[in-house]
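# Inside the fold
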Amino acid sequence: MDADLDTLVTALYVEIDDLIERPRGRGRRPLLSHAELLCLAVMQVLLRYPSERHWLRYANKHLRGMFPYLPDQDGYNKRMRKAGPLLATVMRHLATRTPSWFDQLRLIDSTPLPCGASRETVKRSDLAGDAGYGYCASHSRYFWGFRLYLVCTPEGMPVIWGLANPKLGEREVMAALLEADHHLVHAGQVLLGDKGFAGADFERFITGQLGAHFVRPDRRGEPARFGKLARVRQWVEAVFDTLKGQLDLESHGGRTLAGVFVRVAQRLLALTAAIWHNWTIGAPSKRSLIAYDH
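Cut-off values and rules
- Residues numbered from 1 in each chain as written.
- Predicted model: local features only at pLDDT ≥ 70, side-chain atom pairs only at ≥ 80, totals over all residues.
- Heavy atoms only, no water.
- Helix = DSSP H or I, 4+ residues; strand = E, 2+ residues; numbered from the N terminus.
- Rg over C-alpha atoms; globule rule 2.2 N^0.38 Å.
- Buried < 20%, exposed > 50% of the residue type's maximum accessible area, 1.4 Å probe, protein only.
- Contact = heavy atoms within 4.5 Å.
- Areas by Shrake-Rupley, 256 points an atom, 1.4 Å probe, with all protein chains shown as cover.
- Lys, Arg positive; Asp, Glu negative; His and termini not counted.
- Charge placed at Lys NZ, Arg CZ, Asp CG, Glu CD.
- Core = buried A, V, L, I, M, F, W, Y, C linked by side-chain atoms within 4.5 Å.
- Expected span 1.5 Å × (residues − 1).
- Polar contact = N/O pair within 3.5 Å; in protein donor to acceptor, adjacent residues only side chain to side chain.
- Pairing = 2+ DSSP bridges.
- Phe/Tyr/Trp six-rings, centres within 6.5 Å; stacked < 30°, edge-to-face > 60°.
- Lys NZ or Arg CZ within 6 Å of the ring centre and 35° of its normal.

## A closer look at the overall build of the protein chain
From N to C terminus, the protein chain includes 10 helices and 6 strands. Taken over the C-alpha trace, the protein chain has a radius of gyration of 20 Å; the compact-globule value for 294 residues is 19 Å, and the two agree within 12%. Expressed as lengths along the three principal axes of its C-alpha atoms, the size of the protein chain is roughly 65 × 50 × 40 Å. Each of the 294 residues in the protein chain was classed as buried or not, and the buried ones make up 49%. A fraction of 64% describes how many contacts in the protein chain between residues 6 or more apart in sequence connect residues 24 or more apart. About 14,500 Å² of surface is accessible on the protein chain, with carbon and sulfur atoms providing 51% of the total. Side chains of the protein chain give 39 positive and 31 negative charges; the mean places of these two sets differ by 4 Å.

## Some thoughts on the nonpolar core
Core analysis: the largest hydrophobic core is formed by 91 residues, its most contacted members being Trp 55, Leu 178, Phe 202 and Leu 243. By residue number, the principal contributor to this core is helix H10 (residues 257-281), which donates 12 residues. Excluding its chain neighbours within four sequence positions, the residues that come into contact with Leu 178 are Val 151, Ile 160, Val 185, Leu 191, Phe 202, Phe 205 and Leu 210.

## Quick notes on helix H1 (residues 5-17)
Given a rise of 1.5 Å per residue, 13 residues ought to cover 18 Å, and the 18 Å separating the end C-alpha atoms of H1 matches this to within 8%. Buried residues along H1 sit against helix H2 (34-46), helix H5 (84-95) and H10. The N-terminus of H1 is capped by Asp 4, whose side-chain oxygen sits 3.2 Å from the backbone nitrogen of Asp 6.

## Examining the pairing of strand S1 (residues 105-116)
As a general feature of sheets, a regular strand has side chains that alternate between the two faces. Most of S1 is tucked away, with 11 of its 12 residues classed as buried. In terms of strand pairing, S1 meets strand S5 (residues 190-192) through 3 bridges, oriented parallel. Bridge pairing in S5 links Leu 107 to Leu 192. Summarising the sheet, S1 and strand S3 (residues 141-152) pair through 9 bridges and their orientation is antiparallel. Paired with Leu 113 across the bridge in S3 is Phe 146.

## A word on unusual backbone geometry
The phi angle at Arg 48 is positive, at roughly 65°, despite the residue not being glycine. Within the secondary structure, Arg 48 is located in the loop between H2 and helix H3 (52-62). Among the residues examined, Arg 48 registers a relative accessible area of 41% and is labelled partly exposed. With a phi close to 55°, Asp 248 is a non-glycine residue in the positive phi region. Its location among the elements puts Asp 248 in the loop between helix H9 (230-245) and H10. Accessibility expressed as a relative area gives 12% for Asp 248, which makes it buried.

## Observations concerning the side chain of Glu 203
Within the secondary structure, Glu 203 is located in helix H8 (residues 200-209). Other than its neighbours up to four places away in sequence, Glu 203 contacts Phe 214 and Arg 225.

## Focus: the environment of Met 157
With respect to the helices and strands, Met 157 occurs in the loop between S3 and strand S4 (158-164). For Met 157, a relative accessible area of 0% translates into the label buried. Taking the C-alpha atoms as reference, Met 157 lies 12 Å from His 277; in sequence the two are 120 residues apart. Apart from residues no more than four positions distant in its own chain, Met 157 is found in contact with Leu 94, Ala 95, Thr 98, Val 151, Cys 152, Thr 272, Ile 275 and Trp 276.

## Focus on the packing of aromatic side chains
On inspection of all chains with the given rule, the structure shows 7 aromatic pairs. Plain terms: the ring middles of Tyr 135 and Tyr 142 are 4.7 Å apart, the flat faces sit at 55° to each other, and that makes the pair tilted. For Tyr 135, a relative accessible area of 41% puts it in the partly exposed group. For Tyr 142, a relative accessible area of 67% corresponds to the exposed category. On the basis of an interplanar angle of 25° and a centroid distance of 5.7 Å, the ring pair of Phe 197 and Phe 202 is categorised as stacked. Taking the relative accessible area as the measure of exposure, Phe 197 reaches 0% and is therefore buried. A connected cluster of aromatic rings, assembled from ring pairs, spans Tyr 49, Trp 55 and Tyr 58. Across from the ring centre of Trp 101, 5.7 Å away, lies the NZ or CZ of Arg 106, which sits over that ring. The ring of Trp 279 has Lys 286 lying over it, and the distance from NZ or CZ to the ring centre is 4.5 Å.

Function-wise, these values are silent; they only describe arrangement.
Right, dumping it as C-alpha coordinates:
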(Lines give C-alpha, C1' and ligand atoms only; values in the text may rest on other atoms or scores of the structure.)
Protein backbone atom coordinates (compact mmCIF):
# COMPACT_ATOMS: atom_id res chain seq x y z
CA MET A 1 0.00 0.00 0.00
CA ASP A 2 1.05 3.58 -0.62
CA ALA A 3 1.20 6.47 1.84
CA ASP A 4 -1.54 8.71 0.44
CA LEU A 5 -4.91 9.87 1.70
CA ASP A 6 -7.07 7.81 -0.67
CA THR A 7 -5.27 4.60 0.31
CA LEU A 8 -5.51 5.40 4.03
CA VAL A 9 -9.25 6.07 3.84
CA THR A 10 -9.89 2.95 1.76
CA ALA A 11 -7.89 0.80 4.19
CA LEU A 12 -9.67 2.39 7.14
CA TYR A 13 -13.10 1.72 5.64
CA VAL A 14 -12.25 -1.94 4.98
CA GLU A 15 -10.88 -2.31 8.53
CA ILE A 16 -13.84 -0.82 10.40
CA ASP A 17 -16.85 -1.63 8.20
CA ASP A 18 -17.33 -5.08 9.73
CA LEU A 19 -16.42 -3.80 13.20
CA ILE A 20 -19.27 -1.30 13.37
CA GLU A 21 -22.63 -2.82 14.14
CA ARG A 22 -25.36 -2.11 11.60
CA PRO A 23 -28.52 -0.30 12.77
CA ARG A 24 -31.24 -2.73 13.84
CA GLY A 25 -35.00 -2.54 13.81
CA ARG A 26 -37.38 -0.84 11.46
CA GLY A 27 -36.79 2.41 9.71
CA ARG A 28 -34.77 3.62 6.81
CA ARG A 29 -31.07 2.85 6.90
CA PRO A 30 -28.82 5.93 6.79
CA LEU A 31 -27.61 6.72 3.28
CA LEU A 32 -24.16 7.44 4.71
CA SER A 33 -23.01 4.44 6.76
CA HIS A 34 -21.22 4.79 10.10
CA ALA A 35 -17.95 3.64 8.53
CA GLU A 36 -18.29 6.20 5.74
CA LEU A 37 -19.09 8.92 8.31
CA LEU A 38 -15.88 8.21 10.22
CA CYS A 39 -13.81 8.12 7.03
CA LEU A 40 -15.30 11.47 6.05
CA ALA A 41 -14.49 12.86 9.51
CA VAL A 42 -10.87 11.66 9.29
CA MET A 43 -10.45 13.27 5.87
CA GLN A 44 -11.87 16.55 7.16
CA VAL A 45 -9.19 16.74 9.85
CA LEU A 46 -6.27 15.57 7.71
CA LEU A 47 -7.16 18.05 4.95
CA ARG A 48 -7.47 20.79 7.60
CA TYR A 49 -11.05 21.97 7.23
CA PRO A 50 -12.10 23.07 10.74
CA SER A 51 -15.37 24.49 9.37
CA GLU A 52 -17.98 21.84 8.61
CA ARG A 53 -19.64 24.14 6.07
CA HIS A 54 -16.40 24.63 4.13
CA TRP A 55 -15.61 20.93 4.40
CA LEU A 56 -18.94 19.75 2.97
CA ARG A 57 -18.66 22.29 0.17
CA TYR A 58 -15.26 20.82 -0.72
CA ALA A 59 -16.50 17.22 -0.35
CA ASN A 60 -19.50 17.82 -2.61
CA LYS A 61 -17.19 19.12 -5.30
CA HIS A 62 -14.28 16.69 -5.03
CA LEU A 63 -15.31 13.52 -3.14
CA ARG A 64 -18.52 12.37 -4.82
CA GLY A 65 -16.66 9.39 -6.26
CA MET A 66 -15.81 8.14 -2.75
CA PHE A 67 -19.03 9.22 -1.00
CA PRO A 68 -22.06 9.01 -3.35
CA TYR A 69 -24.25 10.52 -0.61
CA LEU A 70 -23.19 13.47 1.54
CA PRO A 71 -25.46 14.99 4.22
CA ASP A 72 -26.05 18.70 4.63
CA GLN A 73 -24.26 20.60 7.39
CA ASP A 74 -27.04 20.10 9.93
CA GLY A 75 -27.24 16.36 9.30
CA TYR A 76 -23.46 15.94 9.43
CA ASN A 77 -23.24 17.92 12.67
CA LYS A 78 -26.00 15.90 14.36
CA ARG A 79 -24.49 12.57 13.39
CA MET A 80 -21.01 13.60 14.51
CA ARG A 81 -22.29 14.77 17.90
CA LYS A 82 -23.79 11.31 18.46
CA ALA A 83 -20.67 9.50 17.25
CA GLY A 84 -18.54 9.85 20.40
CA PRO A 85 -18.77 6.17 21.50
CA LEU A 86 -18.21 5.08 17.89
CA LEU A 87 -15.03 7.16 17.62
CA ALA A 88 -13.73 5.67 20.88
CA THR A 89 -14.45 2.11 19.70
CA VAL A 90 -12.62 2.58 16.40
CA MET A 91 -9.64 4.29 18.07
CA ARG A 92 -9.26 1.40 20.51
CA HIS A 93 -9.57 -1.14 17.69
CA LEU A 94 -6.87 0.51 15.57
CA ALA A 95 -4.56 1.04 18.56
CA THR A 96 -4.64 -2.64 19.52
CA ARG A 97 -3.58 -3.57 15.99
CA THR A 98 -0.28 -1.70 16.07
CA PRO A 99 2.92 -3.24 17.49
CA SER A 100 3.44 -0.30 19.87
CA TRP A 101 0.31 -1.34 21.78
CA PHE A 102 2.50 -3.96 23.46
CA ASP A 103 5.28 -1.51 24.39
CA GLN A 104 6.18 -1.24 28.04
CA LEU A 105 6.39 2.57 27.90
CA ARG A 106 3.44 4.96 28.06
CA LEU A 107 3.65 8.76 27.99
CA ILE A 108 1.27 10.84 30.13
CA ASP A 109 0.70 14.58 29.95
CA SER A 110 -1.91 17.31 29.57
CA THR A 111 -2.22 20.39 27.39
CA PRO A 112 -4.55 23.43 27.32
CA LEU A 113 -7.62 23.27 25.08
CA PRO A 114 -8.88 26.86 24.71
CA CYS A 115 -12.59 27.30 23.98
CA GLY A 116 -12.95 31.08 24.07
CA ALA A 117 -10.84 34.22 23.94
CA SER A 118 -13.12 36.99 25.20
CA ARG A 119 -14.96 37.75 28.41
CA GLU A 120 -18.24 37.99 26.49
CA THR A 121 -17.75 34.47 25.12
CA VAL A 122 -17.11 33.14 28.60
CA LYS A 123 -20.31 34.76 29.93
CA ARG A 124 -22.56 33.53 27.11
CA SER A 125 -21.02 30.16 26.27
CA ASP A 126 -22.94 26.90 26.77
CA LEU A 127 -19.67 25.57 28.22
CA ALA A 128 -19.96 27.82 31.28
CA GLY A 129 -19.87 25.64 34.37
CA ASP A 130 -17.87 22.90 32.62
CA ALA A 131 -14.94 24.91 31.25
CA GLY A 132 -12.80 27.21 33.37
CA TYR A 133 -9.73 29.42 33.52
CA GLY A 134 -6.29 27.86 33.65
CA TYR A 135 -2.64 28.75 33.25
CA CYS A 136 -0.19 27.19 30.81
CA ALA A 137 3.29 27.46 32.32
CA SER A 138 5.12 26.26 29.22
CA HIS A 139 3.65 29.12 27.14
CA SER A 140 3.22 31.62 30.01
CA ARG A 141 -0.42 32.32 29.20
CA TYR A 142 -3.88 32.07 30.71
CA PHE A 143 -6.71 30.39 28.81
CA TRP A 144 -10.38 29.55 29.20
CA GLY A 145 -11.53 26.05 28.29
CA PHE A 146 -10.38 22.58 29.26
CA ARG A 147 -7.21 20.58 29.64
CA LEU A 148 -6.75 17.57 27.39
CA TYR A 149 -5.21 14.63 29.26
CA LEU A 150 -3.51 11.98 27.18
CA VAL A 151 -1.90 8.60 27.75
CA CYS A 152 -0.18 7.46 24.56
CA THR A 153 2.47 5.15 23.14
CA PRO A 154 5.94 6.55 22.35
CA GLU A 155 4.99 7.40 18.75
CA GLY A 156 1.77 9.11 19.84
CA MET A 157 -0.96 6.46 19.50
CA PRO A 158 -3.74 7.54 21.95
CA VAL A 159 -4.53 4.91 24.58
CA ILE A 160 -6.51 6.87 27.21
CA TRP A 161 -7.70 10.47 27.02
CA GLY A 162 -10.11 12.85 28.65
CA LEU A 163 -11.09 16.49 29.14
CA ALA A 164 -11.24 18.27 32.50
CA ASN A 165 -11.70 21.70 33.97
CA PRO A 166 -8.22 23.27 34.26
CA LYS A 167 -8.86 24.18 37.90
CA LEU A 168 -8.75 20.49 38.82
CA GLY A 169 -5.39 19.07 39.87
CA GLU A 170 -3.44 17.26 37.16
CA ARG A 171 -2.55 14.33 39.40
CA GLU A 172 -6.15 13.84 40.51
CA VAL A 173 -7.55 13.92 36.97
CA MET A 174 -4.90 11.58 35.57
CA ALA A 175 -5.39 9.16 38.46
CA ALA A 176 -9.15 9.12 37.78
CA LEU A 177 -8.59 8.39 34.07
CA LEU A 178 -6.11 5.62 34.81
CA GLU A 179 -8.42 4.10 37.42
CA ALA A 180 -11.39 4.14 35.05
CA ASP A 181 -9.35 2.39 32.32
CA HIS A 182 -7.06 0.39 34.60
CA HIS A 183 -7.38 -2.64 32.31
CA LEU A 184 -5.35 -0.73 29.70
CA VAL A 185 -2.36 -0.41 32.04
CA HIS A 186 -0.42 -3.64 32.43
CA ALA A 187 1.72 -4.66 35.38
CA GLY A 188 5.32 -3.68 34.83
CA GLN A 189 4.59 -0.87 32.38
CA VAL A 190 6.43 2.43 32.74
CA LEU A 191 4.37 5.64 32.81
CA LEU A 192 6.51 8.67 32.01
CA GLY A 193 5.22 12.10 32.98
CA ASP A 194 6.54 15.57 33.73
CA LYS A 195 7.27 17.31 37.03
CA GLY A 196 3.66 18.42 37.35
CA PHE A 197 2.67 14.87 38.28
CA ALA A 198 5.17 14.71 41.15
CA GLY A 199 3.51 13.53 44.34
CA ALA A 200 3.81 10.63 46.75
CA ASP A 201 0.08 9.75 46.58
CA PHE A 202 0.08 9.68 42.78
CA GLU A 203 3.19 7.50 42.67
CA ARG A 204 1.73 5.12 45.27
CA PHE A 205 -1.44 4.85 43.20
CA ILE A 206 0.50 3.85 40.07
CA THR A 207 2.79 1.37 41.80
CA GLY A 208 0.30 0.01 44.33
CA GLN A 209 -3.02 -0.13 42.48
CA LEU A 210 -1.86 -0.42 38.87
CA GLY A 211 1.35 -2.38 39.41
CA ALA A 212 3.18 -0.04 37.02
CA HIS A 213 6.20 2.23 37.45
CA PHE A 214 6.10 6.03 37.40
CA VAL A 215 9.09 7.93 35.98
CA ARG A 216 9.47 11.72 35.85
CA PRO A 217 12.28 14.28 35.65
CA ASP A 218 13.94 15.12 38.95
CA ARG A 219 12.80 18.31 40.64
CA ARG A 220 15.28 20.87 41.83
CA GLY A 221 16.54 20.19 45.34
CA GLU A 222 15.41 16.56 45.61
CA PRO A 223 17.67 13.48 45.57
CA ALA A 224 18.70 12.32 42.09
CA ARG A 225 16.51 9.50 40.73
CA PHE A 226 15.92 9.59 36.97
CA GLY A 227 17.72 12.74 35.77
CA LYS A 228 16.25 15.36 33.45
CA LEU A 229 14.81 12.95 30.83
CA ALA A 230 14.73 15.88 28.41
CA ARG A 231 14.99 13.82 25.23
CA VAL A 232 12.25 11.39 26.19
CA ARG A 233 9.99 14.19 27.43
CA GLN A 234 10.17 15.75 23.98
CA TRP A 235 8.26 12.80 22.56
CA VAL A 236 4.95 13.73 24.19
CA GLU A 237 5.52 17.42 23.40
CA ALA A 238 5.92 16.39 19.76
CA VAL A 239 2.58 14.55 19.91
CA PHE A 240 0.79 17.68 21.16
CA ASP A 241 2.68 19.66 18.50
CA THR A 242 1.20 17.39 15.83
CA LEU A 243 -2.31 17.71 17.27
CA LYS A 244 -2.10 21.50 17.40
CA GLY A 245 0.08 22.31 14.41
CA GLN A 246 -1.16 19.77 11.84
CA LEU A 247 -4.57 18.71 13.13
CA ASP A 248 -5.73 22.15 14.35
CA LEU A 249 -6.68 21.00 17.83
CA GLU A 250 -7.08 24.54 19.14
CA SER A 251 -9.35 25.44 16.19
CA HIS A 252 -11.88 22.74 17.08
CA GLY A 253 -14.82 25.16 17.02
CA GLY A 254 -16.85 23.29 19.64
CA ARG A 255 -19.49 25.40 21.40
CA THR A 256 -21.16 22.72 23.55
CA LEU A 257 -19.71 19.99 25.74
CA ALA A 258 -20.74 17.28 23.25
CA GLY A 259 -19.36 19.37 20.38
CA VAL A 260 -15.96 19.90 22.02
CA PHE A 261 -15.72 16.22 22.98
CA VAL A 262 -16.47 14.88 19.52
CA ARG A 263 -14.18 17.38 17.74
CA VAL A 264 -11.28 16.42 19.98
CA ALA A 265 -12.08 12.74 19.44
CA GLN A 266 -12.21 13.37 15.67
CA ARG A 267 -8.64 14.73 15.72
CA LEU A 268 -7.40 11.89 17.90
CA LEU A 269 -9.01 9.39 15.51
CA ALA A 270 -7.27 11.03 12.55
CA LEU A 271 -3.92 10.73 14.37
CA THR A 272 -4.70 7.13 15.33
CA ALA A 273 -5.65 6.21 11.75
CA ALA A 274 -2.48 7.77 10.33
CA ILE A 275 -0.21 5.98 12.83
CA TRP A 276 -2.04 2.67 12.24
CA HIS A 277 -1.69 3.03 8.48
CA ASN A 278 1.98 4.00 8.73
CA TRP A 279 2.62 0.83 10.76
CA THR A 280 0.67 -1.20 8.19
CA ILE A 281 2.71 0.04 5.21
CA GLY A 282 6.02 0.10 7.10
CA ALA A 283 6.54 3.87 6.88
CA PRO A 284 9.74 4.97 8.67
CA SER A 285 8.05 7.77 10.67
CA LYS A 286 4.90 6.46 12.32
CA ARG A 287 3.43 9.85 13.27
CA SER A 288 4.14 11.58 9.98
CA LEU A 289 1.05 13.14 8.35
CA ILE A 290 2.78 14.74 5.37
CA ALA A 291 1.54 12.12 2.91
CA TYR A 292 -2.09 12.62 3.99
CA ASP A 293 -2.56 16.39 4.25
CA HIS A 294 -3.21 17.13 0.56
